[in-house]
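Letter by letter, the chains look like this.
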Amino acid sequence: MTLVAGIDSSTQSCKIVIRDADSGALVREGRASHPSGTEVHPDAWWGALQEAIARAGGLDDVAAISVAAQQHGMVFLDDSGAVVRPALLWNDTRSAKAADDLIAEFGGEAFWAEAVGLVPVASFTITKLRWLAEHEPHFAKRVHTVCLPHDWLTWRLSGNPDLATLCTDRGDASGTGYWSAATASYRPDLLRAALGRDAAVPRVLGPAESGGTARGGAPLGAGTGDNAAAALGIGAIPGDVVVSIGTSGTVFTPTHRASSDASGIVAGFADAAGGFLPLVCTLNAARVLDAGAAMLGVDATAFAELALAGPPGAGGLTLVPYLEGERTPNRPLATGSLHGLRLDTANPAHLARAIVEGMLCALADGLDALLGQGVAMRRVVLVGGGARSAAVRAIAPTIFGVPVLVPPPGEYVADGAARQAAWMLSGASEPPTWPLAATKTYEADPLPAIRARYAEASAHVLHRL
């Protein structure tokens, strides 16, 4: 049996799966936690990776390794390869003004959508470069190379100190704001405008290219960002709209053509299989459910039971879940708000229902924007930690308006990285076919009145603290 390892270095933890390269069968796995916060030193990721590898029984018998990781995180290295400062993560919104400034400096949103397939918001790497240049110029002066979390981890696994060996892939590069999926090229002029000077960037690899060799001799895959890896792990094809409810909420689908949305709602990313991955991302997803459970003093299971006990539409009670600001729509300083609170809705079941429906409505807005780009929708596939909630699974089709397919809980980002490693190892033109475990389909009558109330409520949220 030939084994491959897939790594998912996410916001909250590091997961590793070791699978059979031919069948995809899971052999063993391990995980370790990351520190919380929106600013983390990359050494914490490296320590968690070593812990996860140990818990997975090591990598001595693994024939290939690939790393997927959270997108957009700003990792700065000096000319010796040392980390200049802790990484600013995708969910750090302090660069919101920098995003506005960059848009204005280049004449508006349409320029950015055409140039790199996305419009700057606080999540993207390019805005963090501008923030560093303006607020920490002493660090900006030390920057030699700019890279992303998965690039840095792959480089560390190789043990090669030469910064020239740093590499990335199309999927992750397309989320920086200075690489175009449509033209498959960097825009050094945009990086220079953000940072105030030039900096080195990783070489961009194709989907099945090798990113070097690990210390133990196993080849390293190109790696990718977490959403592209999830699409590969699920085996999504054009027509599959994936809704992932994790730390962030994402809605995406593989396509054969690059997308460009001047509104900035849809980001025109690349995927991990040589195509494209138009994507909508929200900051507020599974942690909205966690916050709701904490407010009601119950665990996740009891929270789901309360939500299912509440009436559809929660009696008009509507939550706009901007608990951490929001990325889509671009309201980084917005706050959450509760509308329609009356004596008859002031109870745990109505509140739990409103929390689930509000979180799903925000994702449904993203689904509408994706369809507005002309993508096909054959089915919705619901994944991520939030998909483990019985309430989310049951309520989702009423909000999305279509049947919802839910695979069993799994580490689909790590699985996608493992599948990429197997693809690289095989030398084939296509990734291996790994069967997806048994899925369940949820169906319910659409309830458009819930979406209508949400649209009215979200139009009145505070945009500033």
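The sections below set out a description of the structure shown in this document. (Residues numbered from 1 in each chain as written. Predicted model: local features only at pLDDT ≥ 70, side-chain atom pairs only at ≥ 80, totals over all residues. Heavy atoms only, no water.)

**Remarks on the overall build of the chain**
Move 1: Counting its regular elements, the chain contains 15 helices and 24 strands.
Move 2: In terms of overall size, the chain behaves like a compact globule, its C-alpha atoms giving a radius of gyration of 21 Å where 465 residues would be expected to give roughly 23 Å.
Move 3: Taken along the three principal axes of its C-alpha coordinates, the chain extends 65 × 55 × 40 Å.
Move 4: By the burial criterion, 60% of the 465 residues in the chain qualify as buried.
Move 5: When contacts within the chain are restricted to residue pairs at least 6 apart in sequence, those whose partners lie at least 24 apart make up 72%.
Move 6: Here the chain has roughly 16900 Å² of accessible surface; of this, 54% comes from carbon and sulfur atoms.
Move 7: Treating the 34 positive side-chain charges of the chain as one cloud and the 45 negative ones as another, the clouds have centres 2 Å apart. (Helix = DSSP H or I, 4+ residues; strand = E, 2+ residues; numbered from the N terminus. Rg over C-alpha atoms; globule rule 2.2 N^0.38 Å. Buried < 20%, exposed > 50% of the residue type's maximum accessible area, 1.4 Å probe, protein only. Contact = heavy atoms within 4.5 Å. Areas by Shrake-Rupley, 256 points an atom, 1.4 Å probe, with all protein chains shown as cover. Lys, Arg positive; Asp, Glu negative; His and termini not counted. Charge placed at Lys NZ, Arg CZ, Asp CG, Glu CD.)

**A word on helix α14 (residues 412-426)**
Move 1: Between its first and last C-alpha atoms α14 spans 21 Å; for 15 residues at 1.5 Å apiece the expected length is 21 Å, and the two agree.
Move 2: Within α14, 13 of the 15 residues are buried, leaving the element largely enclosed by the surrounding structure.
Move 3: Once α14 ends, the next one or two residues include G427, with phi positive near 75°. (Expected span 1.5 Å × (residues − 1).)

**Quick notes on the packing of aromatic side chains**
Move 1: As enumerated under the stated definition, the model contains six aromatic pairs in all.
Move 2: The interplanar angle of 90° and the centroid separation of 5.6 Å between the aromatic rings of F111 and W112 together place this pair among those described as edge-to-face.
Move 3: Using a relative accessible area of 27% as the deciding quantity, one classes F111 as partly exposed.
Move 4: Each ring, one from F124 and one from F269, has its centre 6.3 Å from the other, and the planes form 75°; the classification is edge-to-face. Of this pair, F124 sits in the loop between α3 (109-116) and α4 (125-135) while F269 sits in strand β18 (residues 267-270), placing them 145 residues apart in sequence. (Phe/Tyr/Trp six-rings, centres within 6.5 Å; stacked < 30°, edge-to-face > 60°.)

**Comments concerning helix α15 (residues 448-458)**
Move 1: Listed as buried for α15 are I450, R451, Y454, A457 and S458. An end-on view of α15 places all buried positions within 125° of arc, on one side of the element. Among the exposed residues of α15, those pointing more than 90 degrees away from its buried face are P448 and E456.
Move 2: In this structure, the buried side of α15 is in contact with β20 (318-320), β21 (337-339), α12 (348-371) and α13 (390-400). (Arc of directions from axis to C-beta.)

**A look at the environment of G310**
Move 1: Considering the arrangement of structural elements, one finds G310 in the loop between α11 (300-309) and β20.
Move 2: Classification of G310 as buried rests on a relative accessible area of 4%.
Move 3: Once residues within four sequence positions are removed from consideration, G310 is found in contact with A349 and R353.

**Observations regarding the pairing of strand β13 (residues 210-213)**
Move 1: In this sheet, strand β14 (residues 219-221) lies alongside β13 in antiparallel orientation, the contact comprising two bridges. From the neighbouring strand, S210 faces β14, where its bridge partner is G221.
Move 2: Between β13 and β14, which pair antiparallel in sequence order, lie five residues; one of them, G217, sits at a positive phi of approximately 105°. (Pairing = 2+ DSSP bridges.)

**Brief notes about the sheet that holds strand β19 (residues 276-282)**
Move 1: Ordered by their spatial adjacency, seven strands build an open sheet running β18-β19-β17-β16-β22-β23-β24, and the pairing between neighbours is mixed. This sheet does not close on itself; its edge strands, each paired only once, are β18 and β24 (440-442). Averaged over all pairs of adjacent strands, the angle between strand axes in this sheet comes to 30°, irrespective of strand direction.
Move 2: Sheet topology note: the strand β22 (residues 377-383)/strand β23 (residues 404-406) ladder contains two bridges and is parallel. Its bridge partner being in β23, V380 is matched across the sheet by V404.
Move 3: Each of β16 (239-245), β17 (249-252), β19 and β22 is contacted by α12, which is oriented at about 25° to β17, the strand it contacts most. (Axes fitted to C-alpha atoms, helices over the stretch in contact; angles between N-to-C directions.)

**Observations concerning the nonpolar core**
Move 1: By size, the foremost hydrophobic cluster in this structure holds 51 residues, and its most contacted members are I245, V356, L360, L382 and F400.
Move 2: The next biggest cluster of nonpolar side chains, apart from the first, holds 49 residues, and it includes V143, A229, L232 and A272. (Core = buried A, V, L, I, M, F, W, Y, C linked by side-chain atoms within 4.5 Å.)

**Some words on the pattern of salt bridges**
Between side chains of opposite charge, a pair can form as their charged atoms come close.
Move 1: Counted under the stated rule, the structure contains 24 salt bridges.
Move 2: Among the ionic pairs, E136 bridges to R85, the shortest N-O distance being 2.5 Å. One end of the pair, E136, is in the loop between α4 and α5 (137-140); the other, R85, is in the loop between β6 (75-77) and β7 (87-88), with 51 residues separating them in the sequence. Here E136 matches R85 in class, with each residue buried.
Move 3: Of the charged contacts, one joins R187 and D189 as a salt bridge, the two residues approaching to 2.7 Å between their closest N and O atoms.
Move 4: Owing to a relative accessible area of 24%, R187 belongs among the partly exposed residues under this scheme.
Move 5: The partly exposed category is assigned to D189, whose relative accessible area is 30%.
Move 6: Salt bridges sharing partners connect three or more residues here, namely E39, R85, D92, R94 and E136. (Salt bridge = Lys/Arg side-chain N within 4 Å of Asp/Glu carboxyl O.)

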